[in-house]
Amino acid sequence: MNTLTADLIQFLNESPCNFLAVKNLADRLDRAGFAPLDMADRWDLKPGDRRYVIKNSSAIFAFVVGTDPLAGFRIISAHSDSPGFRIKPNAEIVNEGGVVTLNTEVYGGPILYTWFDRPLSISGRVILRGDSPLHPVTRLVNFYRPLLTIPHLAIHYNRSVNDGNPISPQRDMLPVLGRVADKAQGKGLLTRMVADQLGVTPDQILDYDLTLYDTTPACLFGLNNEFISSGRIDDLEMAHAAVSALTASVSDKSDTAPTRVMAIFDNEETGSGTKQGAASPILSNILRRLCDDDFSLYSRAVASSFMISADNGHALHPNYTSKQDPTNHPIPGDGPVVKINANCKYMTDAHSAAIFRAICDDAGVNCQVFVNHSDTAGGSTLGNILTSQIELNGVDMGAPQWAMHSCRETAAVADHLSTVSAFTRFYDLN
Ligand code: ZN
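Analysis parameters
- Residues numbered from 1 in each chain as written.
- Predicted model: local features only at pLDDT ≥ 70, side-chain atom pairs only at ≥ 80, totals over all residues.
- Heavy atoms only, no water.
- Core = buried A, V, L, I, M, F, W, Y, C linked by side-chain atoms within 4.5 Å.
- Buried < 20%, exposed > 50% of the residue type's maximum accessible area, 1.4 Å probe, protein only.
- Helix = DSSP H or I, 4+ residues; strand = E, 2+ residues; numbered from the N terminus.
- Domains from an automatic or database assignment.
- Contact = heavy atoms within 4.5 Å.
- Buried area = accessible area lost by both parts, 1.4 Å probe.
- Salt bridge = Lys/Arg side-chain N within 4 Å of Asp/Glu carboxyl O.
- Pairing = 2+ DSSP bridges.
- Axes fitted to C-alpha atoms, helices over the stretch in contact; angles between N-to-C directions.
- Patch = residues over 30% accessible without salt bridge, like charges linked within 9 Å, V, L, I, M, F, W, Y side chains within 5 Å.
- Areas by Shrake-Rupley, 256 points an atom, 1.4 Å probe, with all protein chains shown as cover.
- Lys, Arg positive; Asp, Glu negative; His and termini not counted.
- Charge placed at Lys NZ, Arg CZ, Asp CG, Glu CD.
- Donors = N, O, S within 2.8 Å, 3.2 Å for Na, K, Ca; no water.
- Tetrahedral: all angles 85-135°; square planar, octahedral: opposite > 155°, others 65-115°.
- Phe/Tyr/Trp six-rings, centres within 6.5 Å; stacked < 30°, edge-to-face > 60°.
- Lys NZ or Arg CZ within 6 Å of the ring centre and 35° of its normal.

### Observations regarding the nonpolar core
Core analysis: the biggest nonpolar cluster contains 49 residues, and Leu29, Ile60, Met262, Ile308 and Phe423 have the highest contact counts within it. In terms of residue count, the dominant contributor to this core is helix H6 (residues 233-248) (nine residues). Counting residues in each nonpolar core, the second largest holds 33 residues, with Ala91, Leu112, Val141 and Leu189 among its members.

### Some words on the domain arrangement of the protein chain
Looking at the assigned domains, one finds that the protein chain contains domain 1 (3-82 + 231-428) and domain 2 (84-214). The straight-line distance from the C-alpha centre of domain 1 to that of domain 2 is 31 Å. Taken together, the contact between domain 1 and domain 2 spans 20 residues of the former and 20 residues of the latter. Here domain 1 meets domain 2 over a buried area of about 1,500 Å², counting both sides, of which 59% is carbon and sulfur. Between the two partners, domain 1 and domain 2, sit one salt bridge. A salt bridge links Arg408 to Asp214; the nearest nitrogen and oxygen atoms lie 3.6 Å apart.

### Considering the sheet that holds strand E11 (residues 219-221)
The strands that make up a sheet are held in pairs by hydrogen bonds between backbone atoms, and each pair lies either parallel or antiparallel. The five strands lie next to each other as E11-E12-E20-E19-E15, forming an open sheet whose pairing is mixed. Where the open sheet ends on each side, the last strands, each with one partner, are E11 and strand E15 (313-314). Both E11 and strand E12 (residues 227-230) contribute to a ladder of three bridges, which runs antiparallel. Across the sheet, residue Phe221 finds its bridge partner in E12, namely Phe227. Sheet contacts for helix H11 (residues 413-428): E11, E12, strand E19 (400-402) and strand E20 (409-412); angle to E20, the most-contacted strand, approximately 60 degrees.

### With respect to a negative patch on the surface
Residues Asp44, Asp292, Asp293 and Asp294 make up a contiguous surface patch of negative charge. Its place among the elements puts Asp294 in the loop between helix H7 (282-290) and helix H8 (295-303).

### Quick notes on the coordination of the zinc ion
Distances from the zinc ion to its protein donors, His79 (NE2), Asp234 (OD), Asp311 (OD) and Asp311 (OD), fall within 2.0 to 2.8 Å. In this structure, the zinc ion is coordinated by four donor atoms arranged in irregular fashion, with angles at the metal of 52 to 144 degrees. Read in sequence order, the donor residues coordinating the zinc ion give the pattern H-x154-D-x76-D. Here His79, found in strand E4 (residues 73-79), pairs with Asp311, found in the loop between strand E14 (306-310) and E15; they are 232 residues apart in sequence, far enough to count as distant. Residues His79 and Asp311 agree in their burial class; the two are buried.

### Concerning the packing of aromatic side chains
What the rule picks out here adds up to eight aromatic pairs. In this structure an aromatic cluster arises from ring pairing among Phe221, Phe227 and Trp402. When the ring centre of Phe426 is taken as reference, the NZ or CZ atom of Arg74 above it lies at 5.9 Å. The ring of Trp43 is capped by Arg289, whose NZ or CZ atom sits 4.2 Å from the centre of that ring.

### A closer look at the pattern of salt bridges
One pass over the structure, following the stated rule, counts eleven salt bridges. One salt bridge in this structure joins Lys46 and Asp49, with 3.3 Å as the shortest N-O distance. Note on Lys46: relative accessible area 52%, which makes it exposed. One salt bridge in this structure joins Asp428 and Arg260, with 3.7 Å as the shortest N-O distance. You can see Asp428 sitting in helix H11 and its partner Arg260 sitting in strand E13 (residues 259-265), a full 168 residues away along the chain. Looking at Arg260, the relative accessible area reads 3%, which means it is buried. Within the structure, one salt-bridge network assembled from shared partners comprises Lys46, Asp49 and Arg51.

And the structure:
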């Protein structure tokens, strides 16, 4: 296995939730000489500086400051979040016999039945008491080991289960955590577990954002190990491609170097409408500060900028070819896909698609096209939401994958390598 693929698999395994994904992106940036910056501080940047800003512990924005603001921004964006289950407050339910289930809420649009009967665990962020009520302390937590499962009802109780089986998230999807001796032991159980895992006392914990994940590690499979099987390929594969390209791009000492930017947003799966999401002004605020808050300079820089909005797309499914557009068939392994939509659900237009194709050509990478079957609505992504904040020229693209929003998705190894090549070329272009 080549180093890049091995690193993607490690990243997927170590990033079971948005918070840990951002931490692992920051670790990769740290190793490549980037240093953290705070939105609350005064910025004093010079050409060549490598910095990153973390927002809400779940979104991260990294940049290499260019030598000429008018050369614009080279931006690659992706998202840190994935559909799944978030644990509700007061989650413990002690059932007959002391069997504890946890009350959960669906996050985004997961394919629900792919979550049954898997060894699940918990990760997320925990907020601890700080020096003042306004300054609590954030810690990340991961239990690593299998802790829970969502057991499916046996077929003997529902003989028609294979004919279609409507699922109620509230009734059917609560995970089993274990057994306790009595109801009293169930109360506050999760908080005690989290406290124990972090080495703090339960009364130090003020709140948490915890989600479930499948503990089965990511792996390669297929005749020639051509596929990757993992949770969260949408969109951690593109986040990994972006950070790999940014850290691999060579430093441009010329006096016309653009500022290279990586923007990994949170909450794409719920419409991006948070302070750390693509619908917020966070990226435009950062770009303005990179222009010393000079609006005219910012505006001129945006005019010569280009953004690759990277969010995985759908590969042609061999069992459902009729679902896809009749003439455009992205094949896993044949290269990244440009996403095109007549009703402008994607930011791609002929001009920006042409630029991305030319970048792929330059990088020696094949490029494919995705359009929806005209009878289906399709999904949305980051690009268009961002253009409501910044009038950027850019393209929506992604690696083609199967089973988007399943607990376990499939992508092709070759597409990750070709995407990283195209992204690196994009950052390095003069
Ligand atoms: Zn996505």
